[in-house]
Amino acid sequence: MRFGVLGPLAVWTADGEPVKVPEAKVRALLADLLIHAGRPVSADRLIEDLWGDRPPANAPAALRVKVSQLRRALGGLVAHRVPGYVLLAEPASVDAGLFESLVGRAQRASGPGARAALLREALGLWRGEAYAEFAGEQFALAAVARLEEQRLVALEELAEARLGLGEHALLAAELTDLVARHPLRERLRAVHLRALYRAGRQSEALAGYGELRRRLSEELGLDPGPELVDLHQAILRQDPALEAPALPRTNLPTPLTSLVGRDEAVAEVRSLLRAGRLVTLTGPGGVGKTRLALAAAAGLESAEGFDGGVWLVELASLGAGAPVAGVAELIAGVLGLRDDVPDSMLERLPAALAAKRTLLVLDNCEHVVEQVATLGSRLLRAAPGLRVLATSQEALRIEGETLVKVPPLGREPAVELFTARAGIRPDADVAEICERLDGIPLALELAATRMRVLTPRQLAERLDDRFQVLTSGVREAPARQRTLRAMIDWSWELLGDAERVVLRRLAVHADGCTLEAAEEVCAEPGVDVLDTLARLVDRSLVVRVAGPRFRLLESVAAYCQERLREAGEDDLIALRHVRYYTALAERAEPRLRGHEQRRTLALLDAEGANLRLALETAVRLGAAGEAVRLVNAMAWYWVLRGKLGEGRRALESAQALAGGSAETEVWLAGLRMLSGRPSVPDPAVFEAIADPLTRARARWFTGFALFGYDDLSASVELLRSALEGFSELGDAWGTAAALSVLARYAAMRGDLDALRRDGERGLALFREVGDRWGEMRAAENLGTLAEITGDYERAAALRTEGLRMAEELGLWSSVSDALSRLGRIAMLTGDHAAADDYHERARRLAVTQSNRPAEEFAELGLALVARRRGRLDEAESLLRKWLDWVMDVAGEPGAALILAELGFTAELRGDAAGALELQLRGLAVARKVGDPRATALALEGLAGARALAGRHEEAGRLLGRAAALRASVGAPLPEAERADVDRIAAAVESALGREAAEAAMSRGATLPLDGLLAEYG
């Protein structure tokens, strides 16, 4: 039997069936005996532990009754040993003993990956508080305290291992609650401080140390230990030894078991990958194609110079009808490429792979073989450094493909695998089992689990009968498919009715599911889904993974889908799946705008495959209502995560099915506009939305998405209308959202008072509702204001806070933007080296995500710094690279600065005619936009061009008019931005003399702009 004490007390048979231990005193007796771990416990001690200071009249007789009841439940495991009783249970049969064993193995393991895997397995045994129902009893206090301390130590060791794997950003967030619950644990605090520092949150790391030091002093009268003191000093001096390890260039999982019998095959596959560019492993399901591919690919990122990394792309979550673009997007997601820019991923993925040597392991291609073949051929032609290792039940059949047929294991390796997994010695019966299973690794793994309840002879006899039936009944199927089906059929026949119901219904999920999803989707009257699921996990038919989540092995899932159809339940359970995930998305949607934003984003990330499948199913079944509800609930998530391509397609499919939904139409138009495709909805669509709050949000989102296109008036009108609606409804989030975009508009037209007013109020409201995305956007506005007014210290603080929030939420496009904005501040404060570093980091991040707008913003910053450092060729090359793209995508508002910078570059080269032409173009753009500051910059550039041409009087008047324009909006040119103006003014003064120069500037300040520019047409 097996015993569980890491949570509520539980007992199971060897094959996982629960054993009921009735009556509280009998359960307490069992807990007491388990605590003493095989040592006799005196009768007197047991009586005191069970009844305390109020024992029954005949306490020894009462104890014997409880022992008898426990023996009836457990058989002969409870024995009499002078002076009392003992439980004859091996330490490994108690989950606490297994926990301690796994932790010990982890401490001896080499490498953080192996330690982390063992520690995760150990911590996964916990189901709640140790000895939960007896945690307050005197006899259990010491054992509970010891186990809870061991659990905390394991959590600390897991955190340290994950830190070694480079998971500092996740740890910095995840350890916050644990540190709050255990604020004085110095080892835990040290890991948290290192994670914060490596995640770029140095100030928070220092604050955390300060809090610990204060609490130690106030509560215990102590100082931090020497290791923490040394860590604090290292953080202060930014010791390079604290830096994070290099980012992994692979996502290959670390195997927990050895690969048996495939050494020669691993060497062959690696050799073929060196010689060719596409290797496909073929063979039946369960033969071990994936394990062979992973073993062959392991370590190649360094050994074979794959500087672009070695990446596993699991295609099983895609539906059979997935488009080629869907395959491309799945690969792009693994590589970290963005999906929210106008270009198709089919166009951007080849370019992203072309720059480096990369190995893609495309796993489970058989259900999308044509799509993979089409995309693979295109990628291999476009990216000379790309290698592809595919697994499939059939060949891709494209040029250059090398096929490797993965055979079943031979007799000796099959026996080695079976005995290793079953924990038994080889004999003639084992050899017979392996032979009859044809050496299929998955079949061997499944069969090995039955050794807990069957002898090898019994197992061999069962397999003999089952194979005969299967072979005679499915002669047209390939032999190896019949063998695998026989193994799964046999496992299915061993299940009870409840287990079969739950197992076949689990197959409706994509990429696994949570316990809550399983309980709702797999529900059946009289079936305890939780209990049944536990038995299926124990039988190795369901795999429990982190989260916790539950999934089926691929072959088992395919088998269960057939069983689901045979039961006539496929549409019924599919619709349950749709309704569950639609309701989940609707519950999550409001939490995307408040304090639970980060947690909700993570939830929807984890359920991405199920949510996509739910929409596909709703469309297939014609469930128009669910489809529309689902896409409307998911739309804001797609915006936050930058999944604009996925969102557009989902909204289009729901809209086509439903025949027209006003809210869906608004979301669809907005996502198209955010992707660079103007698609303004008919104003009448807003009135078709009945709910006032939804209607106001629809107007806001349309204005938000439309902002930045040539005609800003349409955007502003929608935003102001939305703001009025939010104010009437008292909706703080909506008010903050509208004000934040209006603040951007104020910045664009040079209204600094409105920028400050709307920006500060928007930030305050977003903080009130706890929306970190909103705080980040509002902080950007106030950072812009601080930069305009020359308050660079505040601008840097706001930009740094924005960077922290973007990293915290995992919004990597915003991280790139924040780095570029910090680069601008560094440039303005004269730290050109730091400015280049910030902009280059931003550029690299943008390139890895195929984020063209962020790449342009970063390279524009590099150009600004290059010109200020005299590197004119470099500056001009970067500026001209982006000018046409900006005009096409962002329109004229984005081009004014580039034209001005190109004009200054031409002036510094001595090209008066070129400078004049560029600055006049920039002036026309700035005036059309209506931004006084942009117009002033163009006038200053024009003054430089005229001074270079000897027109110094004219240049002086232009400088005067520019200064007056800046003063009119309360934004005189800060000292750090005066280099160009001071240079031009010095040239004017040198030519005219100080008094004449000042007079020219004074005259220009009062002249109408049109009159001043009349001679330029």
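For the structure, see preceding data.
Here is a short report on the structure shown in this document. Each chain has its residues counted from 1, following the order in which its sequence is written. This being a predicted model, a pLDDT of at least 70 is required before a residue's local features are given, and a value of 80 or more before pairs of side-chain atoms are given or counted; all residues contribute to the totals for chains, interfaces and linings. Hydrogen atoms and water are omitted, and side-chain values are computed over all heavy atoms in the structure.

### Thoughts on the nonpolar core
Then, number 1: With 103 residues, the main nonpolar core has Leu503, Leu506, Trp636, Trp700 and Trp773 as its most contacted residues.
Then, number 2: Looking at this core, the element that brings in the most residues is helix H29 (residues 624-641), giving 11 residues.
Then, number 3: The residues touching leucine 503, leaving out its near neighbours within four places in the chain, are Trp492, Leu495, Leu536, Leu541, Val542, Leu552 and Cys560.
Then, number 4: Among the nonpolar cores identified, the runner-up in size contains 55 residues, and Leu34, Leu63, Leu118 and Ala143 belong to it. In these notes, a set of buried Ala, Val, Leu, Ile, Met, Phe, Trp, Tyr and Cys residues joined through side-chain atoms within 4.5 Å is what counts as a nonpolar core. Each residue is assigned to one of three classes by its accessible area relative to the maximum for its type, calculated with a 1.4 Å probe on protein chains only: buried under 20%, partly exposed between the two thresholds, exposed over 50%. The numbering of helices and of strands both runs from the N terminus, where a helix is a DSSP run of H or I of at least 4 residues and a strand a run of E of at least 2. The contact definition used throughout considers only heavy atoms, calling two residues in contact when any of these lie within 4.5 Å.

### A few points about the sheet that holds strand E4 (residues 78-81)
Then, number 1: When DSSP locates at least two bridges between a pair of strands, those strands are taken to pair. An order of E3-E5-E4 is seen for the three strands of this open sheet, with the pairing classed as antiparallel. Of all strands in the sheet, those bounded by a partner on one side alone are strand E3 (41-42) and E4.
Then, number 2: With two bridges joining them, E3 and strand E5 (residues 84-87) adopt antiparallel strand pairing. Counted as the bridge partner of valine 41 is tyrosine 85 from E5.
Then, number 3: Axis lines are fitted to C-alpha atoms, over the contacting stretch for helices. Their N-to-C directions set the angle, which ranges from 0 to 180 degrees. Packing against the sheet, helix H1 (residues 24-35) makes contact with E3, E4 and E5, and its axis sits at approximately 75° to E5.

### Here's the deal with the environment of leucine 88
Then, number 1: Inspection of the secondary structure puts leucine 88 in the loop between E5 and helix H4 (95-108).
Then, number 2: Considered as a pair, leucine 88 and alanine 37 are 51 residues apart in the sequence and their alpha carbons are 8.7 Å apart.
Then, number 3: Sequence-distant contacts of leucine 88, that is, excluding residues within four places in its chain, are made with Gly76, Leu77, Ala79 and Arg81.

### Structural notes on the side chain of glutamate 366
Then, number 1: Take glutamate 366: it is sitting in the loop between strand E8 (358-363) and helix H16 (369-382).
Then, number 2: Charged-residue counts in this description rest on Lys and Arg as positive and Asp and Glu as negative, His and the chain ends being excluded. Salt bridges are defined as contacts in which a side-chain nitrogen from Lys or Arg sits within 4 Å of a carboxyl oxygen from Asp or Glu. Although buried, glutamate 366 forms no salt bridge, and the nearest oppositely charged side chain, lysine 289, lies 5.4 Å from it.
Then, number 3: Not counting residues within four places of it along the chain, the set of residues in contact with glutamate 366 comprises Thr391, Ser392, Gln393, Glu394 and Glu554.

### Focus on H16
Then, number 1: Expected helix span is computed as 1.5 Å times (number of residues minus one). For H16, spanning 14 residues, the distance from its first C-alpha to its last is 20 Å, which sits close to the expected 20 Å at 1.5 Å a residue.
Then, number 2: In the core, the buried residues of H16 are packed alongside strand E6 (278-282), helix H14 (324-335), helix H15 (345-354), E8 and strand E9 (386-392).

### Description of the pattern of salt bridges
Then, number 1: For the structure on display, the rule yields 79 salt bridges.
Then, number 2: The partner of glutamate 589 in a salt bridge is arginine 593, and the shortest N-O contact between them spans 2.4 Å.
Then, number 3: The class of glutamate 589 is buried, set by a relative accessible area of 14%.
Then, number 4: For arginine 593, a relative accessible area of 9% translates into the label buried.
Then, number 5: Arginine 843 is the partner of glutamate 840 in a salt bridge, and the nearest nitrogen-oxygen pair spans 2.7 Å. Of this pair, glutamate 840 and arginine 843 both sit in helix H40 (residues 832-848), three residues apart, roughly one helical turn.
Then, number 6: The exposure class of glutamate 840 is partly exposed, given its relative accessible area of 22%.
Then, number 7: Overall, arginine 843 belongs to the partly exposed group, its relative accessible area being 22%.
Then, number 8: Overlapping salt bridges bring together Arg201, Glu204, Arg598, Arg767, Arg772, Glu775, Glu801, Arg804 and Glu808 as one network.

### A few points about the side chain of histidine 192
Then, number 1: Its place among the elements puts histidine 192 in helix H8 (residues 186-198).
Then, number 2: Note on histidine 192: relative accessible area 8%, which makes it buried.
Then, number 3: Histidine 192 has contacts with Leu171, Ala172, Leu175, Thr176 and Val179, leaving out every residue within four places of it along the chain.

### Details of empty space enclosed by the protein
Then, number 1: Only protein atoms enter the 1 Å grid used here. Points where a 1.4 Å probe fits but cannot escape make up a cavity, open sets with protein on both sides within 12 Å along at least five of seven lines make up a pocket, and a residue lines them when an atom lies within 4 Å of a point. Grid points are joined across faces, edges and corners, and a volume is the space filled by probe spheres set on the points. With the rule as written, the count across this model stands at three cavities of 30 Å³ or more.
Then, number 2: The volume enclosed by the largest cavity comes to roughly 70 Å³.
Then, number 3: Taken together, Met776, Ala779, Glu780, Leu798, Arg799, Gly802, Leu803, Ser814, Asp817, Ala818 and Arg821 make up the full set of residues lining the largest cavity.
Then, number 4: We call Asp, Glu, Lys and Arg charged. Ala, Val, Leu, Ile, Met, Phe, Trp, Tyr, Cys and Pro are nonpolar, and the rest, Gly among them, are polar. Among the residues forming the lining of the largest cavity, the class breakdown is five nonpolar, two polar and four charged.
Then, number 5: Put simply, the second largest cavity is a space of about 60 Å³.
Then, number 6: As for the second largest cavity, its lining consists of Leu446, Thr449, Arg450, Ser491, Leu494, Leu495, Arg539 and Leu541.
Then, number 7: Here the residues of the lining of the second largest cavity sort into four nonpolar, two polar and two charged.

### Quick notes on the packing of helix H17 (residues 411-422) against helix H18 (residues 428-436)
Then, number 1: One can describe the packing of H17 onto H18 by two numbers: an axis separation of 9 Å at closest approach and a directional angle of 110°. When the interaxial angle is binned, H17 and H18 end up roughly perpendicular. Judged by residue contacts, Arg411, Ala414, Val415, Phe418 and Thr419 of H17 engage Val430, Ala431, Ile433 and Cys434 from H18.
Then, number 2: Counted by class, the contact of H17 with H18 contains seven nonpolar, one polar and one charged residues. Each angle receives one of four descriptions, namely roughly parallel if under 35 degrees, roughly antiparallel if over 145, roughly perpendicular if within 65 to 115, and oblique otherwise.

### Description of the pairing of E4
Note on strand geometry: in a regular strand, side chains alternate between the two faces of the sheet.
Then, number 1: For E4 and E5, the ladder comprises four bridges, and the chain directions are antiparallel. Note that in E5 the partner of valine 78 across the bridge is leucine 87.
Then, number 2: Linking two consecutive strands that pair antiparallel, namely E4 and E5, is a turn of two residues.

### Some words on H4
Then, number 1: Compared with the 20 Å implied by 1.5 Å per residue over 14 residues, the 20 Å span of H4 between its first and last C-alpha is a close match.
Then, number 2: Listing the buried residues of H4 in full gives Asp95, Ala96, Phe99, Leu102, Val103, Gly104 and Ala106.

### A few points about unusual backbone geometry
Most peptide bonds are trans, and most residues other than glycine sit at a negative phi.
Then, number 1: Cis geometry marks the peptide bond from valine 82 to proline 83; its omega dihedral reads 15°.
Then, number 2: Secondary-structure assignment places proline 83 in the loop between E4 and E5.
Then, number 3: Although it is not a glycine, asparagine 364 adopts a positive phi angle of roughly 65°.
Then, number 4: Among the structural elements, asparagine 364 can be located in the loop between E8 and H16.
Then, number 5: Its relative accessible area of 9% is what places asparagine 364 among the buried residues.
Then, number 6: Of note, the phi angle at arginine 397 is positive, near 60°, even though the residue is not glycine.
Then, number 7: Along the chain, the position of arginine 397 falls in the loop between E9 and strand E10 (401-405).

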